[in-house]
Amino acid sequence: MTTSNTGTGDVEPAVREELDRLRDSIDNIDAAVVHMLAERFKCTQQVGHLKALHQLPPADPDRESRQIARLRGLAESAKLDPAFAEKFLNFIIGEVIRHHERIAEDTVGNRAATPR
């Protein structure tokens, strides 16, 4: 037996070393995911400003559907649950739309406040 029944007991050094190695990798991956999401949101903010400037709607259901289908396919190829990938993308899309709505509101507000 490698661990105690309490879950907090002694762990064999080899097991602890392997856990630490795997957790270090997980931490690195988490950091990369955060940085990738930050880059993604920088781009989507620019899209939001462009849409607001040209009075385009914050949401684009056709693109969203294509992106979900694309991501599900990528997930399947990567042996990741496509339903999980879709939920994750839907969460991101919801945040992007919320940001685009706020940008549009701010743009409209700035237009109204600008003397002509």
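Here goes a summary of the coordinates provided.

What counts, and at which threshold
- Residues numbered from 1 in each chain as written.
- Predicted model: local features only at pLDDT ≥ 70, side-chain atom pairs only at ≥ 80, totals over all residues.
- Heavy atoms only, no water.
- Helix = DSSP H or I, 4+ residues; strand = E, 2+ residues; numbered from the N terminus.
- Buried < 20%, exposed > 50% of the residue type's maximum accessible area, 1.4 Å probe, protein only.
- Contact = heavy atoms within 4.5 Å.
- Areas by Shrake-Rupley, 256 points an atom, 1.4 Å probe, with all protein chains shown as cover.
- Salt bridge = Lys/Arg side-chain N within 4 Å of Asp/Glu carboxyl O.

### Focus on the overall build of the protein
Piece 1. From N to C terminus, the protein includes three helices and zero strands.
Piece 2. Scanning the protein from its N terminus toward the C terminus, one meets helices and strands in the order α-α-α.
Piece 3. Scored against the burial criterion, the 116 residues of the protein give a buried share of 17%.
Piece 4. Of the contacts formed within the protein by residues at least 6 apart in sequence, a portion of 55% connects residues at least 24 apart.
Piece 5. Roughly 9,000 Å² of accessible area belongs to the protein as shown, and the carbon and sulfur atoms make up 59% of that amount.

### Considering the pattern of salt bridges
Piece 1. Evaluated as defined, the whole model comprises five salt bridges.
Piece 2. As a salt-bridge pair, Asp20 and Arg16 come within 4.0 Å of each other at their nearest N and O atoms. Here the residue Asp20 and the residue Arg16 both occupy positions in helix H1 (residues 13-53), the gap between them amounting to four residues, near one helical turn.
Piece 3. On the accessibility criterion, Asp20 (35% relative accessible area) is partly exposed.
Piece 4. Judged by relative accessible area, Arg16 falls into the partly exposed class, the value being 34%.
Piece 5. A salt bridge links Arg21 to Glu18; its shortest N-O distance comes to 2.7 Å. One end of the pair is Arg21 and the other is Glu18, both in helix H1 and three residues apart, which spans about a single turn.
Piece 6. Relative accessible area serves as the criterion here: at 44%, Arg21 is assigned to the partly exposed category.
Piece 7. Residue Glu18 is classed as partly exposed on the basis of its relative accessible area of 36%.

Such coordinate-based values are descriptive only and should not be taken to indicate function.
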